[in-house]
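# Reading the structure
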Amino acid sequence: MNHPALLITRRLPEPVLALARAAFDVKLWPHDEPIGVQLLPWAQGCHALLVMATDRLDAALWQQLPPTVQAVSTYSVGHDHIDLTAATARGVPVFNTPDVLSDAVAETALLLMLSAARDASAAETTLRERRWGPWSPTRFLGRQLTGQRLGIYGMGRIGLGIAQRALGFGMQVQYHNRTVHPDANGFVYHPSLESLMAHSDVFCVCAPSTPQTRGAINAERLALLPHGAVFVNIARGDLIDEDALIEAITSGQVGAAGLDVYRNEPTIDPRFLELPRTTLLPHIGSATHDARNGMGRLAVEALQAFLLNQQRPANCLNPDVFPMRTAETATRP
Ligand code: DGY
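Residues numbered from 1 in each chain as written. Predicted model: local features only at pLDDT ≥ 70, side-chain atom pairs only at ≥ 80, totals over all residues. Heavy atoms only, no water.

Okay, the domain arrangement of the chain next. Reports often express the size of an interface as the amount of accessible area lost when the parts come together. Along its sequence, the chain is organised into domain 1 (5-100 + 289-324) and domain 2 (102-280). The partner domain 2 presents six residues to the seven residues of domain 1 that form the contact. Carbon and sulfur atoms supply 44% of the area that domain 1 and domain 2 bury against each other, a total of about 550 Å² over both sides. Inspection of the domain 1/domain 2 interface yields two salt bridges. Arginine 236 serves as the salt-bridge partner of aspartate 80, at 3.2 Å between the closest nitrogen and oxygen. Of the residues contributing to the side of domain 1 that touches domain 2, the split by class is four nonpolar, one polar and two charged. (Domains from an automatic or database assignment. Contact = heavy atoms within 4.5 Å. Buried area = accessible area lost by both parts, 1.4 Å probe. Salt bridge = Lys/Arg side-chain N within 4 Å of Asp/Glu carboxyl O. Nonpolar A, V, L, I, M, F, W, Y, C, P; charged D, E, K, R; others polar.)

So this is what it looks like as structure tokens:
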């Protein structure tokens, strides 16, 4: 029996490709650059797509997708690059990769907190540039995390992972969500983002990118942070007004920053590169072997369960689509 055809829009770790090839006839975009406008021609004849956070599946693209496409997985937990309303209108379920990357991203947040607070990036650059000089009691002074108030904006699975790890560093954890998180017992809840920011010595952005959160971190709110606070972002760049953040770091209002995500990745605002007391990573939050293999497994298994076994995987982002699928739209590949 022929396997259904699956377009994968970027080279994935070998174990993931092997899993995909066992169940699908895989068509692999072989380049390091995102597939971009080539997605449509490459999707011709495919029954499923495995896309990346760098691929934009907006309403216009959904309208033009070939009718053979019956399911889409994204190799990410974030899904701001996918118009789910348009997917549902097409009767196509979309799956993402929650949980399996939470530990990796939470560890990245701690890495950025520590590096920013101790200015590790600048210290290492000094050493690499052979400018270390004699040991000094007054150089490379940072701040320790012990006893600091950590404010988590967006207490989901990743936020909880950060909170639990921060306890080990002796931090006091607080958070803001629209509502109290049932598993966040013992962490102080702030009903407003403003209140959280006003009480955060270390502030970590973990909320997803949605119409409500985009641009939420603006000049007015950055001014609420205690002067010299540490700022970390492991979520999405578009939550931040980057002009305002750059200004806050330059003035010292933000005392140190650790960033993994930016607007317009990978073409980041060049002013970031010149900022003092700032650790910059190139969106590597989930970049561990464990997480990336787990993401691939989840993405492939959801397509397999849905297309080959008529199951409804729990990691579906638009479950409303299932009852809508009629005999016409649900034809087996
Ligand atoms: C995610 O999974 O959303 C990560 O940010 C990778 O894009």
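Picking up after the structure, the text goes on.
So, about the packing of aromatic side chains. Aromatic ring pairs are reported here in terms of the distance separating the ring centres and the angle at which the planes meet. Considering all chains together, one arrives at seven aromatic pairs under this definition. Taken together, the ring pairs in this structure connect Phe95, Phe306 and Phe322 into an aromatic cluster. (Phe/Tyr/Trp six-rings, centres within 6.5 Å; stacked < 30°, edge-to-face > 60°.)

Residues Ile8, Met113, Ile162 and Ile234 are the most contacted members of the largest nonpolar core, which totals 59 residues. Of all the elements, helix H5 (residues 102-118) adds the most residues to this core, at nine residues. When residues of this core are sorted by domain, at least three fall in each of domain 1 (5-100 + 289-324) and domain 2 (102-280). Beyond its immediate chain neighbours, meaning those up to four positions away, isoleucine 234 contacts Val105, Thr108, Ala109, Leu112, Ile158, Ile162, Cys204, Val205, Cys206, Asp260 and Val261. By size, the runner-up hydrophobic cluster in this structure holds 27 residues, among which are Ile217, Leu222, Ala235 and Val254. (Core = buried A, V, L, I, M, F, W, Y, C linked by side-chain atoms within 4.5 Å. Buried < 20%, exposed > 50% of the residue type's maximum accessible area, 1.4 Å probe, protein only. Helix = DSSP H or I, 4+ residues; strand = E, 2+ residues; numbered from the N terminus.)

The side-chain alternation of strand S1 (residues 5-8) yields two buried faces, one formed by Ala5 and Leu7 and the other by Leu6 and Ile8. Inspection of the sheet shows S1 paired to strand S2 (residues 25-28) by four bridges, in the parallel sense. Within S2, the residue paired with isoleucine 8 across the bridge is leucine 28. Remark: the S1/helix H1 (residues 14-23)/S2 crossover connection has right-handed handedness. Alignment of S1 against strand S3 (residues 48-51), held across three bridges, turns out to be parallel. Residue isoleucine 8 lies in a different strand from S3, and its bridge partner there is leucine 50. (Pairing = 2+ DSSP bridges. Right-handed = clockwise from strand over helix to strand, strands pointing away.)

Residue position: arginine 130 is located in the loop between helix H6 (120-128) and strand S6 (149-153). On the basis of relative accessible area, arginine 130 is assigned to the exposed category, the value being 77%. Separated by 108 residues in the primary sequence, arginine 130 and alanine 22 have C-alpha atoms spaced 51 Å apart.

This part is about the confidence of the model for the chain. Predicted confidence across the chain gives a mean pLDDT of 96, with 97% of residues reaching 70 or more. In this model, residues 326-332 is a region of pLDDT below 50 whose contacts with residues beyond four sequence positions or in other chains number 10 contacts. (pLDDT = per-residue confidence, 0-100.)

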